[in-house]
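Secondary and tertiary structure notes
Chain by chain, the residues run as shown.
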Amino acid sequence: MLKPFVCGNWKMNTTAAEAVALAQAAVTAAQSAGDAVRVGVAPPAIWLTQVVEACRGTAVEVWAQNIGFLESGALTGEISAAMVRESGATGTIIGHSERRSLMGLTDEQVDKACQVALAAGLEVIVCIGETLQERDAGRTSEVVLGQLRAGLASYPSTALHRLTLAYEPVWAIGTGRTATPEQAAEVHGWIRSWLTERWGAAADCVVIQYGGSVKPANAGDLLSQPEVDGALVGGASLDGASWTGIVEAAARTGGA
Ligand code: PGA
């Protein structure tokens, strides 16, 4: 049984003061949940240092939302894996659907970003998920497994302990429309089988998060599904009380 891992993705929200206050709320929630759950927060890059400071000495992990897919150099506006590491953050989200659909991020770039992240000593959460059109066309498994195959094409077996996957159906992100627990469990099962086919038992340590309109009211049901080992949470992670509710729900499930 994997320890549940919940990570708040704050996206392009929060002032510096709000970020620090949310980090403090995450610390309090994590402390009362104890060892039963892993808690991470992914603030905007510009507040990473302050949030690292607010979480110092606690179990709350600080994550970046994105990194550039090159080690360094001509990539205006991006931040590198090494910069994220130097801020004190320990991991980065890669391949969020908003970056895929709005910024044209490709699976090949996801693969490269994983390489630079690992080289810098970071952990990664790699996001995958189908659009509504793809689901309606019956292409969910083809799309999700295709993103895994291409986005993890050169991912090394020696770094599986630093890999988390986040299944985020695009139609459920920020829409208030959550996948049913059964829909989530079905896709998580496919992902788990793919991991085992590719790497065998060595991949058993890979946490598979669900993301898409997770709230305190649905977190318990989702997280108690087989192979749903955690959650990547957008909107509800911006409210201290909602976030605490999700951390508590995750702690209760203790990994299904
Ligand atoms: P949401 O976002 O919880 O607001 O749907 C999830 C995500 O994009 O990671």
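Above: the structure in question.
Now for a description of the structure that goes with this document. (Residues numbered from 1 in each chain as written. Predicted model: local features only at pLDDT ≥ 70, side-chain atom pairs only at ≥ 80, totals over all residues. Heavy atoms only, no water.)

**Regarding the environment of Thr-253**
Here Thr-253 is to be found in helix 10 (residues 240-253). Sequence separation between Thr-253 and Leu-118 is 135 residues; the distance between their C-alpha atoms is 30 Å. In this view, Thr-253 contacts Pro-4, Gly-220, Leu-223 and Ser-224; residues no more than four positions away in its chain are not counted. (Helix = DSSP H or I, 4+ residues; strand = E, 2+ residues; numbered from the N terminus. Contact = heavy atoms within 4.5 Å.)

**A look at the site of the ligand**
Near the ligand, the surroundings consist of 13 residues, among which Lys-11, His-96, Glu-168, Gly-174 and Ser-213 are the closest. Gly-234 is positioned such that a nitrogen or oxygen atom in its backbone is 2.8 Å from an oxygen atom of the ligand. Between the ligand and Gly-235, the relevant distance is 2.8 Å, taken from an oxygen atom to a main-chain nitrogen or oxygen of the residue. In the complex, the protein chains occlude 95% of the 280 Å² of accessible area that the ligand would expose alone. Of the residues that constitute the shell around the ligand, the class distribution is four nonpolar, seven polar and two charged. (Near = heavy atom within 4 Å. Polar contact = N/O pair within 3.5 Å; in protein donor to acceptor, adjacent residues only side chain to side chain. Areas by Shrake-Rupley, 256 points an atom, 1.4 Å probe, with all protein chains shown as cover. Nonpolar A, V, L, I, M, F, W, Y, C, P; charged D, E, K, R; others polar.)

**Here's the deal with empty space enclosed by the protein**
Taken as a whole and judged by the stated rule, the model has one cavity of 30 Å³ or more. Approximately 30 Å³ is the volume found for the largest cavity. The wall of the largest cavity is formed by Asn-66, Ile-67, Phe-69, Ile-94, Gly-95, Leu-105, Gln-109 and Ala-113. (1 Å grid on protein atoms, 1.4 Å probe; cavity = no way out; pocket = protein on both sides within 12 Å on 5 of 7 lines; lining within 4 Å. Points joined across faces, edges and corners; volume = space filled by probe spheres on them.)

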